[in-house]
Amino acid sequence: MKKIILPILILTALSIQSCTVMKVSEKKQDGYFESSKKADILVNQPFDLDSNKQLLVVPNNTFMKGMAEKIGYFDKVITFEDLEKDIIKDGKQDEVGALTGKIGINNVYRKYKKFLYLKFDDNKEKSKRIQLKLVNPENFDEIFVGDTLYDDFWVGVNDQNTFNPLFNALITYIKSNSKTYGK
């Protein structure tokens, strides 16, 4: 019995240690993050990314910011908190207003600075799925939506099978909508 249990315990310990959760990854030689599967792409709207790559705004999350920076496409990646600080520093807070909700985000886009917005979201139609969405704040069109299983029971949530596939799908989207990425 000990001959069976010990190898199982060792394999379990190794597999737990080899999987990371929300740790900024390095891209591999092929330009993608290490992943064990591919995300489904639900929305792939053609968009002129090259003329809109100067600023990407992400939620106040160091993982999302770090992963977006590692993609190496956007000129600048900042959080909403950083954006608010910039608005205040530039003395535009009265003109722009609060940065809450879609109207607030749209006001920042129209009255302060053009940007794209990247966020995680739940799949509203299917449970246990997570989405990565690239949004155009001008009209709140979702120009890219990647979707993958968020299985916290059987498979487990980790970067290789949950988050990296989403960012890899975003890289594929950028490659197909940019003439300058990777050149």
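Summary of the structure given here. Everything numeric here is computed off the predicted structure, so don't read it as measured data.

**Let's talk about the overall build of the chain**
Then, in step 1: Within the chain, the secondary structure is distributed over six helices and six strands.
Then, in step 2: Reading the chain from its N end, one meets helices and strands in the order α-β-β-α-β-α-α-α-β-β-β-α.
Then, in step 3: Counting over 183 residues, the chain shows a buried share of 44%.
Then, in step 4: Sequence separation of 24 or more characterises 58% of the internal contacts of the chain that already satisfy a separation of 6 or more.
Then, in step 5: Surface accessibility of the chain: about 10,700 Å² in total, with carbon and sulfur atoms responsible for 54%.

**A word on the pattern of salt bridges**
Then, in step 1: As enumerated under the stated definition, the model contains 13 salt bridges in all.
Then, in step 2: Where Asp82 meets Lys65, a salt bridge forms, and the shortest distance between an N and an O atom there is 4.0 Å. Taken together, the positions of Asp82 in helix α3 (residues 80-89) and Lys65 in helix α2 (residues 62-71) put the pair 17 residues apart, joining distant regions of the chain.
Then, in step 3: The exposure class of Lys65 is partly exposed, given its relative accessible area of 23%.
Then, in step 4: Here the salt bridges share partners, and the residues they tie into one network are Asp121, Lys124, Lys133 and Glu142.

**Remarks on the pairing of strand β5 (residues 129-136)**
A regular strand places its side chains so that they alternate between the two faces of the sheet.
Then, in step 1: Most of β5 is tucked away, with eight of its eight residues classed as buried.
Then, in step 2: Here β5 shows no split at all, with Arg129, Gln131, Lys133 and Val135 on one side and Ile130, Leu132, Leu134 and Asn136 on the other all buried.
Then, in step 3: Bridge count between strand β4 (residues 116-122) and β5: six bridges; the pairing is antiparallel. Paired with Lys119 across the strands is Lys133, a residue of β5.
Then, in step 4: Linking β4 back to β5 in an antiparallel pair, the connection comprises six residues, with Lys128 at a positive phi of about 60 degrees.
Then, in step 5: Examined bridge by bridge, β5 and strand β6 (residues 141-149) share eight bridges and lie antiparallel to one another.

**Things to note about the nonpolar core**
Then, in step 1: Of all hydrophobic cores here, the largest spans 31 residues; its most connected members are Leu49, Leu56, Ile71, Leu118, Leu134 and Leu170.
Then, in step 2: Here this core takes eight residues from helix α6 (residues 159-177), the largest share from any one element.
Then, in step 3: If near-sequence neighbours (up to four positions away) are discounted, Leu134 is found in contact with Leu49, Leu56, Leu116, Tyr117, Leu118, Asp141, Glu142, Ile143, Phe144, Leu170 and Tyr173.
Then, in step 4: Judged by nonpolar contacts, the second largest core, of 15 residues, contains Ile78, Phe80, Leu83 and Val135.

**Things to note about the sheet that holds β5**
In a beta sheet, neighbouring strands are held together by backbone hydrogen bonds and run either parallel or antiparallel to one another.
Then, in step 1: Strand order in the open sheet formed by six strands is β1-β6-β5-β4-β2-β3, with mixed pairing between adjacent strands. In this open sheet, the two strands that pair with only one neighbour each are β1 (40-44) and β3 (77-79). Pairwise comparison of adjacent strand axes, ignoring direction, gives a mean angle of 20 degrees for this sheet.
Then, in step 2: Direction of pairing for β1 relative to β6: antiparallel, over a ladder of four bridges. If you follow Asn44 over to β6, its bridge partner there is Phe144.

**Things to note about the packing of aromatic side chains**
Then, in step 1: Counted according to the given criterion, the structure contains nine aromatic pairs.
Then, in step 2: Measuring from centroid to centroid gives 5.6 Å for Tyr73 and Tyr181, while their planes differ by 75 degrees, and the two rings are edge-to-face. Placement of Tyr73 in the loop between α2 and β3 and of Tyr181 in the segment after α6 is noted, with a sequence separation of 108 residues between them.
Then, in step 3: A relative accessible area of 3% means that Tyr73 is categorised as buried.
Then, in step 4: For Tyr181, a relative accessible area of 10% translates into the label buried.
Then, in step 5: Between Phe144 and Tyr173 the ring centres are 5.4 Å apart and the planes differ by 40 degrees, which places this aromatic pair in the tilted class. Of this pair, Phe144 sits in strand β6 while Tyr173 is found in helix α6, placing the two residues 29 residues apart along the sequence.
Then, in step 6: When its relative accessible area of 1% is taken as the criterion, Tyr173 is described as buried.
Then, in step 7: Linked through ring pairs, Phe63, Phe120, Phe163 and Phe167 together constitute an aromatic cluster.
Then, in step 8: The cationic tip of Lys53 hangs over the ring face of Tyr73; the distance from NZ or CZ to the ring centre is 5.0 Å.

Definitions and cut-offs
Residues numbered from 1 in each chain as written. Predicted model: local features only at pLDDT ≥ 70, side-chain atom pairs only at ≥ 80, totals over all residues. Heavy atoms only, no water. Helix = DSSP H or I, 4+ residues; strand = E, 2+ residues; numbered from the N terminus. Buried < 20%, exposed > 50% of the residue type's maximum accessible area, 1.4 Å probe, protein only. Contact = heavy atoms within 4.5 Å. Areas by Shrake-Rupley, 256 points an atom, 1.4 Å probe, with all protein chains shown as cover. Salt bridge = Lys/Arg side-chain N within 4 Å of Asp/Glu carboxyl O. Pairing = 2+ DSSP bridges. Core = buried A, V, L, I, M, F, W, Y, C linked by side-chain atoms within 4.5 Å. Axes fitted to C-alpha atoms, helices over the stretch in contact; angles between N-to-C directions. Phe/Tyr/Trp six-rings, centres within 6.5 Å; stacked < 30°, edge-to-face > 60°. Lys NZ or Arg CZ within 6 Å of the ring centre and 35° of its normal.

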